[in-house]
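Residue-level listing of the chains:
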There are 2 protein chains.
Amino acid sequence: MSSSGLAPSNLAPFELAPWRSPLSRALHRNRAQPFCRFLQLATLRSDGWPANRTVVFRGFRAETNQLMFICDRRSEKIDQIQQNPKAEACWYFTKTREQFRLRGQLIAITADTSTAILIETRRQLWQKISDKAQLQFVWPQPKAIRTEKSDFSPPPPDAQTPPDTFCALLLVPEAVDYLSLRGEPQDRIIYYLSGKKTAESSWAYQTVNP
Amino acid sequence: MSSSGLAPSNLAPFELAPWRSPLSRALHRNRAQPFCRFLQLATLRSDGWPANRTVVFRGFRAETNQLMFICDRRSEKIDQIQQNPKAEACWYFTKTREQFRLRGQLIAITADTSTAILIETRRQLWQKISDKAQLQFVWPQPKAIRTEKSDFSPPPPDAQTPPDTFCALLLVPEAVDYLSLRGEPQDRIIYYLSGKKTAESSWAYQTVNP
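Residues numbered from 1 in each chain as written. Chains lettered and ligands numbered in written order. Predicted model: local features only at pLDDT ≥ 70, side-chain atom pairs only at ≥ 80, totals over all residues. Heavy atoms only, no water.

Do not read the predicted coordinates in detail wherever pLDDT is low. Residue and element names in this part refer to chain A. With 91% of its residues at a pLDDT of 70 or more, chain A shows a mean pLDDT of 92. In this model, residues 1-5 is a region of pLDDT below 50 whose contacts with residues beyond four sequence positions or in other chains number seven contacts. Taken over the whole predicted complex, pTM reads 0.93, whereas the ipTM for its chain interfaces reads 0.93. (pLDDT = per-residue confidence, 0-100. Contact = heavy atoms within 4.5 Å.)

It is worth spelling out the interface of chain B and chain A at this point. Tallying the contact residues gives 53 residues for chain B and 53 residues for chain A. For the pair chain B and chain A, the summed buried surface comes to about 4700 Å²; carbon and sulfur atoms form 56% of the total. For the chain B face of the interface with chain A, the top three residues by lost area are B:Trp49, B:Arg146 and B:Asn209, together amounting to 18%. In this structure, the connection of chain B to chain A is made through six salt bridges. For the salt bridge of A:Asp177 with B:Lys143, the shortest nitrogen-to-oxygen distance reads 3.3 Å. Across the chain B-chain A interface, the total number found is 29 residue pairs in polar contact (both at pLDDT 80 or more). Listing elements by their share of the side of chain B that touches chain A, those giving two or more residues are β1 (38-44), β2 (50-56), β4 (86-93), β5 (98-109), β6 (166-180), β7 (187-193) and β8 (203-208) of chain B. The residue inventory of the side of chain B that touches chain A, partitioned by class, reads 22 nonpolar, 16 polar and 15 charged. (Buried area = accessible area lost by both parts, 1.4 Å probe. Salt bridge = Lys/Arg side-chain N within 4 Å of Asp/Glu carboxyl O. Polar contact = N/O pair within 3.5 Å; in protein donor to acceptor, adjacent residues only side chain to side chain. Helix = DSSP H or I, 4+ residues; strand = E, 2+ residues; numbered from the N terminus. Nonpolar A, V, L, I, M, F, W, Y, C, P; charged D, E, K, R; others polar.)

Moving on, we come to the pattern of salt bridges. One pass over the full model with this rule turns up 22 salt bridges over all chains. Two residues, B:Arg73 and B:Asp79, come together in a salt bridge whose shortest N-O distance is 3.7 Å. Residue class for B:Asp79 comes out partly exposed when judged on its relative accessible area of 42%. A salt bridge links B:Arg188 to B:Asp177; its shortest N-O distance comes to 2.8 Å. A residue pair is termed long-range when its members are at least 10 positions apart, and B:Arg188 in strand β7 and B:Asp177 in strand β6 qualify at 11 residues. One network of salt bridges, in which partners are shared, links A:Glu76, A:Lys143, B:Asp177 and B:Arg188. (Buried < 20%, exposed > 50% of the residue type's maximum accessible area, 1.4 Å probe, protein only.)

Right, here's the structure in full:
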C-alpha cells in the first residue's frame, strides 16, 4: 500500500464519492435503529475459506472515503488482513430496505503503525469508545477455552492511550453496488473507480438492472 | 461432493446439530421482525476477491442440517459456487443481539441437477414463493445496463414448474460460531464436526472466551 492511498489530498482535493450521498441518507433514515451501523465484513482466511462477521461502522476517516472499524489485535481478522487485504462489506438497512456492497482493501492500524496521521486516527477511535468497550481489550484471549468470570474484571486500561490489543481498520472502497428493494422494479447502481485506484476523485457509476 | 453428503440418512439416523436449538430460539424470539430471516453470505470470486450479499433463509432441507436459499442462475454467485463452494454465512439477530457464523460448502441446485430428491427440493421452493417473487426470474438480465421499465412486466412464468433461471442453494455447515452479546461477558460457543465431514451426527462444541 503506497502512502498516496492514505493521503489522497496530496494528489487532488478530496471529493465525496458519489455513493456517500445515498449512504448518508440511509444512515439518517434508519437512525432510530442503533443496529443500522452494523454491517457484515467478508475477508479471506489463509486456508482459502471466506470469513464473515458483523462489525460496527465508526464513521469515515476525515477527508477520505475510508470506512473506519475497530477490532482486537488478537482476533483472526488482523492476521487475515495482513496476508490478504481484499474485503467486501455488505450493509443492509432494514427500515429502508437498501443494501450497499462495498468492495475494497483493508488497512489495519495497529500499535506498530508509524504513519502519524494513522496513529492519531487510532488514538481518537480509542478515546471515543465507552469504558465498557475499552475494558474488552484487556479481557482474556478471545476464542480461547472459556476462562473464569473473574478474569473479565481486570483493572481498566488507560482511557487516553490505546493498549496494544486495540486496532483500527480502514476499508478503502474500489467498487460499490447499491440496491434499493423499494423500487418497482428495484433500483440498482454500480459505482466504480474509473481511473487510477488511488485517485479518489475518479468515481463513475452506471444504473443497472436489479 | 459425494452423494452421501446429500443423503445423510444412508449413513446414520438424522440428528439435529446442537446449534439448531439456539438458532431456532433466535428465529422464534426475533420473529416480529420479518428481516430476521435475512443473513449475509460470503463466497469467493474467481478473481480472488471475497463477495458478500444478503440472502433470505428459506428453511432447512427436510431431515438435514442444510440451510436453503434461492437465487437467479444469472447471478454471479452461481458461477462462483461452481468454481469454489466454500462459504461463510453471518446471521445477526438484532432484537436478541445474537450472531451465528455458519461455515460450510454450498451446493447449487439448478435445472441441470439430476438427483431426484434435489429436483423436488427446487420445485417445492419455487412453488412456495409469491407470484411477485416468481416474476423476477423472467426479468431482464441482472446487472446489465438498465433496460426499459416495460421489460419488467413480462408474462408470468409457470407457477408450478421452475424456469431455468431459478436455482436453489444449500449451505452444508461444517463449523458454527455462536456469539450472544447479552452475556456479561458475552457468551460464545464454537460448534464443529469432530468426525467425518459427511457424518452429520458427529457435532461437538466448546465454550470459549468472547
